[in-house]
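Okay, here's what each chain looks like letter by letter:
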Amino acid sequence: MDSIIFGDNQFFGVNHMSEDKAAQQALRFRTADDIYSVLKVVNNAGIKTFMFTTHDRLEPVLDRIKKDSAFQDFKLIPCMPYAHKYANAMVEAGMFGAIEKFLPNNKMLAGLRGLNSAISANPVPVMKLLIDSEMKWLSGHNVEAIFLQNIATDLVLGLGMDDLLGEFATYVETQYGVRGGFITMNHKLLHDRLTRGVGLSSPLICSSINKIGFRMNPSQEAVEEVVQSGEGTTVAMSVLASGAIRPAEGLQYIKELGGVSSVLFGASSSSHIREFKELADDILGAT
Amino acid sequence: MKRVGFIGVGKMGISHLAIANALPGLDVVAISERSLPLRRALEKNGSFACYTDYARMLAKERLDGVIIAVPNDRHFSVVKDCLETNVNIFIEKPLTLKFTESKQLRDLADDKEVFGQVGYVNRFNSVFQWLNSVIASGKLGRVLSYECRMTGSVVVKPNASGWRNDYASGGGCLFDYGPHCIDLAHYLFGAASKVEYATRQKIFSSNVDDAVFAALIHENGTLGRISVNWSDTTVRKATNTVEAHFETGKLHANKQEARIFLNDNIPEFGLVSGWNVRYSTDFDTQVEYYLRGEDFTRQLSEFEAKLIDPTAPLRSDLRSACEVDRVIDEILNVSEGLV
């Protein structure tokens, strides 16, 4: 995986530090064009991987990328599920209605209709169908890995249903030939469970890793130790802790820490994107 | 480890369950849930004893504490049954839908010598906690006035059905956002003594309010304004904001940041005259296990600590929750129907 990966939080008004800032960002990205033009800057700056939530609003953007030859070597890392999409559908149509909405006319599902409890007793088949439905609109793209969103990873982890995480990784690898990864806010706990319980020897994990220990649970030291062990592939996010850390300082910490394969970052302005890429090449070494 | 049971594992319950299950001092042994698919999912894939009827769970399992996340209109009866079996409880907000019932539960817990914590999660936000101690120090002088707002996008199109549209089921923005907003005001500025004015407005709901405004008076003369609106499509998720004027300063805050203007330095808090800003990243952000925000974990960590050591403090107990329900009762009385 590339050492620098571009993220999507800024496109959807997510900012962990400031609600005002989040609102300003939401104003900036009203249309697919607004997002597409930023991704063009990203691509031109030599950042060749985009990691994003499978948000409906990105569909037209990614369609344009597919048709644009300048993006030939551009890679995508989808993160699923986009929780709001399912949560909203569940509120409106119930669990079954929601699943049907995303898997219309599915024969297997039709067979299971009325057997709610069969689905909940073994959620794996439905999980696989939902992954397939999310991947459908990404066909023809160069997909590098598929991540499970932290809300899903951490919920399953907390409930102690760790085997489901193993099922996810295995399915993604066998069905799509790419690595299945996990976003988490509990890097240490997840790593320990995946390597010891589930039996994934080198898990792909994306978590907050930064100089001030922001969202490094249960402690900065514990996460640092796992990352440094090199037992697995680590994607660092929140490297700048939503703006609390200056870019050079944040990247220097990553370099000195060691064990991080890729840094995920987001920015809205062209100058910030270019500056960050140059700084990263400088500090982490050119890609 | 303290043995804990769950009653209700719907949307809020499932998230509390994951957190409690990951906390080192809690052993989640049993769950009671009426919905078959949910119960089956946990029974087949988890390691919990599962019940349909919580009374059976209370009778069969030896529990130190119960975490309750059932629909609002069942709070009173479920909490009462738990307290009567001498078990400590954590209950989602609001405590109940009637002040008289909340008082009854508070007194029952006292009689039984058990404790109750109510899910006022704002009290576990690091920015609000810091503001609480700055205000309590008295260095800003008396609070002259404040405004607490909570907005979000829960009901954003015409709605004439479901529990959200029914006061008796705990629907309406007053019972959904009102408790959080009023409790935050109480946490920062002390309990209000009287509701001076209130209006409940309909936007999309046919039978309940979607927005509520209330003016509160405190004993020391502080004037508070409460403003809640669950039909605000401009925000991605529920947002709390606080503004306050003091004798010697002013503040604007939300869960992520606080801005304080001061006439003079307050060295013990590292504050200088003029504008100061603190972000949530300035405070300790690490928790044992994270699911939906640090605040939710800290909240249950306090329940865990209180089960282990009965002398440990409780930031959100039945007493403070009763004060919220008193104000809600008054808002219902003072406002003249829905407008």
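Note that the structure is a prediction, hence the values are computed from the model and not measured. (Residues numbered from 1 in each chain as written. Chains lettered and ligands numbered in written order. Predicted model: local features only at pLDDT ≥ 70, side-chain atom pairs only at ≥ 80, totals over all residues. Heavy atoms only, no water.)

## Regarding the overall build of chain A
Counting secondary structure elements, chain A contains 13 helices and eight strands. Here chain A holds 287 residues, and 55% of them are scored as buried. Summing over all exposed atoms, chain A offers an accessible surface of approximately 12100 Å²; the carbon and sulfur share of this is 50%. (Helix = DSSP H or I, 4+ residues; strand = E, 2+ residues; numbered from the N terminus. Buried < 20%, exposed > 50% of the residue type's maximum accessible area, 1.4 Å probe, protein only. Areas by Shrake-Rupley, 256 points an atom, 1.4 Å probe, with all protein chains shown as cover.)

## A few points about unusual backbone geometry
A cis amide bond links A:Met80 to the next residue, A:Pro81, at an omega of -5 degrees. Here A:Pro81 is to be found in the loop between β3 (75–80) and α4 (83–102). Of note, the amide linkage connecting B:Lys93 to B:Pro94 takes the cis form, showing an omega dihedral of -10 degrees. Mapped onto the fold, B:Pro94 is located in the loop between β5 (88–91) and α5 (99–112). At A:Arg215, a position not held by glycine, the phi torsion is positive, near 55 degrees. Residue placement: A:Arg215 occurs in the loop between β6 (204–208) and α11 (220–229). Look at B:Asn86: it is not a glycine, yet its phi comes out positive at around 65 degrees.

## With respect to the packing of helix α8 (residues 150–159) of chain A against helix α1 (residues 11–22) of chain B
The description of two helices packed together rests on the angle between their axes and the distance between the axes. At their nearest, the axes of α8(A) and α1(B) sit 7 Å apart, and the two run at 60 degrees to each other. The orientation of α8(A) with respect to α1(B), classified from their angle, is oblique. The hand of the α8(A)/α1(B) crossing is left-handed. Residue-level contacts link A:Leu155, A:Gly158 and A:Leu159 of α8(A) to B:Ile14, B:Leu17, B:Ala18, B:Asn21 and B:Ala22 of α1(B). The residue inventory of the contact of α8(A) with α1(B), partitioned by class, reads six nonpolar, two polar and no charged. (Axes fitted to C-alpha atoms, helices over the stretch in contact; angles between N-to-C directions. Parallel < 35°, antiparallel > 145°, perpendicular 65-115°, else oblique. Left-handed = near helix turned anticlockwise from the far one by under 90°. Contact = heavy atoms within 4.5 Å. Nonpolar A, V, L, I, M, F, W, Y, C, P; charged D, E, K, R; others polar.)

## Topic: the pairing of strand β5 (residues 179–183) of chain A
It is a general feature of regular strands that their side chains alternate between the two faces of the sheet. Residue and element names in this part refer to chain A. In terms of burial, β5 is largely enclosed, as four of its five residues are buried. As paired strands, strand β4 (residues 145–148) and β5 are joined by four bridges and run parallel to one another. Each residue of the ladder has a partner; that of Ala145, found in β5, is Arg179. Bridging between β5 and β6 involves three bridges; their strand directions are parallel. Counted as the bridge partner of Ile183 is Cys206 from β6. As a crossover connection, the stretch from β5 through helix α10 (residues 187–198) into β6 is right-handed. (Pairing = 2+ DSSP bridges. Right-handed = clockwise from strand over helix to strand, strands pointing away.)

## A few points about the sheet that holds β5(B)
Residues and elements named next belong to chain B. If you walk across this open sheet you meet the six strands as β3-β2-β1-β4-β5-β6, and the pairing is parallel. Where the open sheet ends on each side, the last strands, each with one partner, are β3 (49–51) and β6 (116–118). Neighbouring strand axes in the sheet, compared pairwise and without regard to direction, differ in orientation by 20 degrees on average. Across three bridges, strand β2 (residues 26–32) lies against β3 in parallel orientation. Of the residues in β3, the one forming a bridge with Ser32 is Tyr51. Across the sheet, helix α9 (residues 294–308) touches β1 (2–7), β2, β4 (65–68), β5 and β6, and the angle it forms with β5 is around 175 degrees.

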